[in-house]
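Structure assessment
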Amino acid sequence: MKFSLRSQSRLFRRLIFITWAVFILGVIFAFTTIWAINRDLNGWFGGLPSLEALENPTEESKFSSELYSADGVLLGKYFRDNRSQAKYEDLSPHLINALIATEDYRFHRHSGIDLRALFRVLFKTVIAGQDTGGGSTISQQTAKNLFKTRTDLQGSLGNTPLWKVIAKLKEWIVAVQLERNFTKEEIMTLYLNTVEFGSNSFGIKVASNTFFNKEPIELEPQEAAVLVGLLQAPTRYSPILNPENARQRRDEVLSQLLHYSFIDKAAYDSLEDQPIVLDYNVDSHTQGQATYFRSVVRNYLMKWCEDNGYDLFEDGLKIYTTLDSRLQAHAEQAMASHMSVLQEAFYEHWEGKDPWVDQDGERFDEYLDIFIPRTPQYKSLVARFGEESDSVDYYMNLAVPTKVFYWQDSTASEKDTVLSPIDSLKYFKHFLHAGLMSMEPRTGHIKAWVGGINFDHFKFDHVDQGKRQAGSTFKPFVYTSAIENGYSPCYTVIDAPATYQTGGDPPTWTPKNSDLKYTGQMLTIRQGMARSINSVTAHIMDKVQPMAVVDVCRRMGISSSLAPVLSLCLGVSDVSVYEMVGAYSTYANQGTYTKPFFITKIEDRNGNVFPFIPETREAINEETAYVMLHMLKGGTEEAGGTATGLSRELRTDNEIGAKTGTTQNASDGWFMGVTHDLVTGVWVGGDDIYVHFRDFQYGQGARMAMPIYQKMMLAVYDDPALPYRKGEFQRPARGLSTQLECGDIMQGTESDSLANDLPELMMDPDDIF
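Cut-off values and rules
- Residues numbered from 1 in each chain as written.
- Predicted model: local features only at pLDDT ≥ 70, side-chain atom pairs only at ≥ 80, totals over all residues.
- Heavy atoms only, no water.
- Phe/Tyr/Trp six-rings, centres within 6.5 Å; stacked < 30°, edge-to-face > 60°.
- Helix = DSSP H or I, 4+ residues; strand = E, 2+ residues; numbered from the N terminus.
- Buried < 20%, exposed > 50% of the residue type's maximum accessible area, 1.4 Å probe, protein only.
- Patch = residues over 30% accessible without salt bridge, like charges linked within 9 Å, V, L, I, M, F, W, Y side chains within 5 Å.
- Areas by Shrake-Rupley, 256 points an atom, 1.4 Å probe, with all protein chains shown as cover.
- Salt bridge = Lys/Arg side-chain N within 4 Å of Asp/Glu carboxyl O.
- Lys, Arg positive; Asp, Glu negative; His and termini not counted.
- Charge placed at Lys NZ, Arg CZ, Asp CG, Glu CD.
- Pairing = 2+ DSSP bridges.
- pLDDT = per-residue confidence, 0-100.
- Contact = heavy atoms within 4.5 Å.
- Axes fitted to C-alpha atoms, helices over the stretch in contact; angles between N-to-C directions.
- Parallel < 35°, antiparallel > 145°, perpendicular 65-115°, else oblique.
- Left-handed = near helix turned anticlockwise from the far one by under 90°.
- Nonpolar A, V, L, I, M, F, W, Y, C, P; charged D, E, K, R; others polar.
- Disulfide = S-S within 2.5 Å.

With that settled, the discussion passes to the packing of aromatic side chains. If you walk through the whole model with that rule in mind, you get 38 aromatic pairs. Where Tyr584 meets Tyr587, the ring centres are 5.9 Å apart and the plane angle is 80 degrees; that geometry is what we call edge-to-face. With Tyr584 and Tyr587 both in helix H22 (residues 577–588), this residue pair falls three residues apart, about one helical turn. We note that Tyr584, like Tyr587, is buried. Of the aromatic side chains, those joined through ring pairs into one cluster are Phe293, Tyr300, Trp304, Tyr310, Trp449, Tyr578, Phe598, Phe610 and Phe612.

For the rest of this paragraph, the subject is a negative patch on the surface. A cluster of like negative charges, contributed by Glu89, Asp90, Glu215 and Glu218, occupies part of the molecular surface. You can see Glu89 is positioned in the loop between strand E2 (74–78) and helix H3 (93–103).

Quick look at unusual backbone geometry now. That bond from Asp505 to Pro506 is cis: its omega, 0 degrees, falls within 30 degrees of zero. Here Pro506 shows up in the loop between strand E12 (500–501) and strand E13 (508–509). Of note in this structure, Ser261 is not a glycine but carries a positive phi near 65 degrees. Mapping Ser261 onto the fold places it in the loop between helix H10 (243–259) and helix H11 (265–272). Non-glycine residue Ala666 carries a positive phi angle of around 60 degrees.

With that settled, the discussion passes to the pairing of strand E6 (residues 400–408). As paired elements, E6 and strand E7 (residues 411–419) share nine bridges and run antiparallel to each other. Among the inter-strand pairings, Tyr406 is bridged to a residue of E7, identified as Ser413.

It is worth spelling out the confidence of the model for the protein at this point. Looking at the protein, the pLDDT average stands at 86 and 84% of residues meet or exceed 70. Overall, residues 123–133 carries pLDDT values under 50, and its contacts beyond four positions in sequence, including any with other chains, amount to 10 contacts. Counting interchain partners and residues more than four positions distant, the pLDDT-below-50 stretch residues 746–769 has 39 contacts.

Here we come to the sheet that holds strand E1 (residues 65–68). Reading across the sheet, the five strands line up as E2-E1-E5-E17-E18 and stay open at both edges, with mixed pairing between neighbours. Each having just a single partner strand, E2 and strand E18 (609–611) make up the two edges of the open sheet. Ignoring which end each strand starts from, the neighbouring axes of this sheet average 15 degrees apart.

What follows covers the pairing of E1. The two faces of E1 match: Ser65 and Leu67 on one face and Glu66 and Tyr68 on the other face are all buried. Across four bridges, the pairing between E1 and E2 is antiparallel. The residue bridging Ser65 from the neighbouring strand is Tyr78, located in E2. Pairing analysis gives three bridges linking E1 to strand E5 (residues 318–321), with the strands arranged parallel. Pairing of Glu66 across the sheet is with Lys318, part of E5.

What follows concerns the packing of helix H8 (residues 204–212) against helix H9 (residues 221–230). It is at 11 Å that the axes of H8 and H9 come closest, and there the two elements cross at 120 degrees. By the angle between their axes, H8 is oblique relative to H9. Regarding H8 and H9, the two cross each other, and that crossing is right-handed. Of the residues in H9, those touching H8 at Ile204, Ala207, Ser208, Phe211 and Phe212 are Glu223, Val226, Leu227 and Leu230. The residue makeup of the contact of H8 with H9, split by class, is seven nonpolar, one polar and one charged.

Right, let's talk about the state of the cysteines for a bit. Evaluation of the coordinates by the stated rule reveals one disulfide. The partner cysteine of Cys490 in its disulfide is Cys742, sulfur to sulfur 2.1 Å. With the S-S bond torsion at -90 degrees, the cross-link from Cys490 to Cys742 turns out left-handed. Remark: Cys742 occurs in the loop between helix H27 (706–717) and helix H28 (749–757) and Cys490 occurs in the loop between helix H18 (475–484) and strand E11 (492–494); sequence separation between them is 252 residues. By relative accessible area, which is 5% here, Cys490 ends up buried.

The next point concerns a nonpolar patch on the surface. On the surface, Ile240, Leu241, Tyr280 and Val282 cluster together into a nonpolar patch covering about 330 Å² of accessible area. Mapped onto the elements, Tyr280 comes out in the loop between H11 and helix H12 (291–308). What makes Tyr280 partly exposed here is its relative accessible area of 34%.

What follows covers the sheet that holds strand E9 (residues 446–450). The antiparallel open sheet is built from five strands, whose spatial order is E9-E8-E22-E21-E20. With one partner strand each, in any of the chains shown, E9 and strand E20 (657–662) form the two edges of the open sheet. Going across the sheet, the axis of each strand differs from the next one's by a mean of 5 degrees, ignoring polarity. Of the pairings in the sheet, the one linking strand E8 (residues 432–439) to strand E22 (residues 679–686) comprises eight bridges and is antiparallel in character. Bridge pairing in E22 places Met439 opposite Val679.

The next subject is the pattern of salt bridges. Two side chains that carry opposite charge are able to pair once their charged atoms sit near each other. Tallying each qualifying case throughout the model produces 20 salt bridges. Across the pair Arg526 and Glu637 runs a salt bridge, and its minimum N-O distance is 2.6 Å. Pair noted here: Arg526 is in helix H19 (residues 525–530) and Glu637 is in helix H23 (residues 622–637), with a separation of 111 residues, a long-range link. Taking relative accessible area as the criterion, Arg526 reaches 7% and is therefore assigned buried.

Shown next as structure tokens:
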């Protein structure tokens, strides 16, 4: 027995010695390895983050850039990983408590490494055989998230069994360095800004909005517990994908809060009984408000970032725009309300027939042959099988599950169906499209931009990207040139057919009125523009000549190609809604053209601000601008004006300049509306010029486009939160030298001047009378 006790004593002393030896050797190994890691000995360890990176760790993080409206509403984000930055004061105390209770209770007591927790993990893992996790502190996890110590900073030992130990030591080093450079609150914030929560949400700000539609400061204890629970495994504990797992994990977090006395037993019992209540909304580039606008701004910002050394998708820029979310909502609702009704009328009008016709109104049998090769499906099949393969035709006619757009009442909706690629093309070609833009004429601020009926299914933007013939909305530029050349609104022209020499091929041009009729009446040019009489506009075009009109357009911001020919006066050249709104705004801005713009400033996450200044120039003189506003008012004031159908409620106590436009075969319907503080342009038409109503009764601008403007403006004036009010146009400071009130149009020198022009008109008396 004595021998046995003596032997056990010697064995115990040996064990103590061995334990201490292993510990000392471990410490020596750790310090030696740390020394080697710091110097990246022989390139084995991959080095550590630079001092600059440690002092500015957010430079290593990737944050979404955010797009804001003029009234402070977040319109959307640009991101690869959806991440937004939060500040410590933005965090709910419940969130902080849940994180500390679950991840690192001694967070405020250690300096980056919690030795007590490490020994606890070592004991339970090695001796007790329990899986207790890695014992990483929040500081270590922040180091791992910020600097990718396990992936991006690998040396030549990165693929060896030693790498896990080396990576853990590197995290210790970086964690201690972070603790030296930052406060606990700053480390907590860095951590919550870098972790992933699933559902394409990175960082607490995005996660809070994604799952609960709340800012982090607004989170309740049970909501904070759900989000903290996601950190361990975002997919396994997702309340969307695995709700039972999520609830179990939430309750575990609540139990930790109870264990560390952050909540009492009564609160725990109450919260544990509650179901997980979500307000789930994943950020998407194709959903939400102003989707076309966000896409257009994105393209602009890509170039701006390239020129200025930023990454739009990772540098956390804040982009402040001119758009007003409230006016944008009214514009989107007005378009949806009208286009849903118009689309139904379009279906009924064609009575189940395909709506594509040629210039003679006959069915265009080759229509689909033009567009099938442009589809992604066709291009993919040709690349796979070859253009002559029968497989291309087979798969193009093979029905497959498809999501399609449709109008449900006044709401853009989507449904699942089964269609072949060709049938899908035919289905979508039946839709009418639209574009709308509103801007403040004095500031150039674009306040509303609706590029189409549904961005998810129709990406093409009809405000700036799309250009179509302007029809009669182009005519004011012709009359602007006339006013500049001394003509007055009272100048009279006979509504009669006339043939003009073109000096080209063909050598002559005989314009026709839209209804193919002539009244033979003497009309003032204000009446002629108000009624959109082609014969009157053509007469003025011949007087001022096309190059003068092109010059006016250029000064007023029309940059599209304009052929300097007589027929230009009828709007045969393609222009964009963006250009037209900018040009018409010149009239309401005393003759000064302000290029429409949509960004007021960009701010980076370091506080550097880049302001944007609008481009302006004097395009026409102040009196010409005011006279043209008087001419445009004729659309609602003159008998037979094309805009007299505009709501009386809208016109009461309000001066409105209005011009409708309809192109050949009713392919395009336009409306331009001008008030003293808001200028709006609307275009409506098919996806191309072959899809349209068969007659002008339905396809004219007054029916296709003007109702959208009317609905929007009525909503705007009924919204007290918006600054736009009814009112009068500003008169020239120096008064007017031009006669506006015409009286008897057949008396005076202007009628006499017409008499001298009559021999030039090649008139057919039967057509006149």
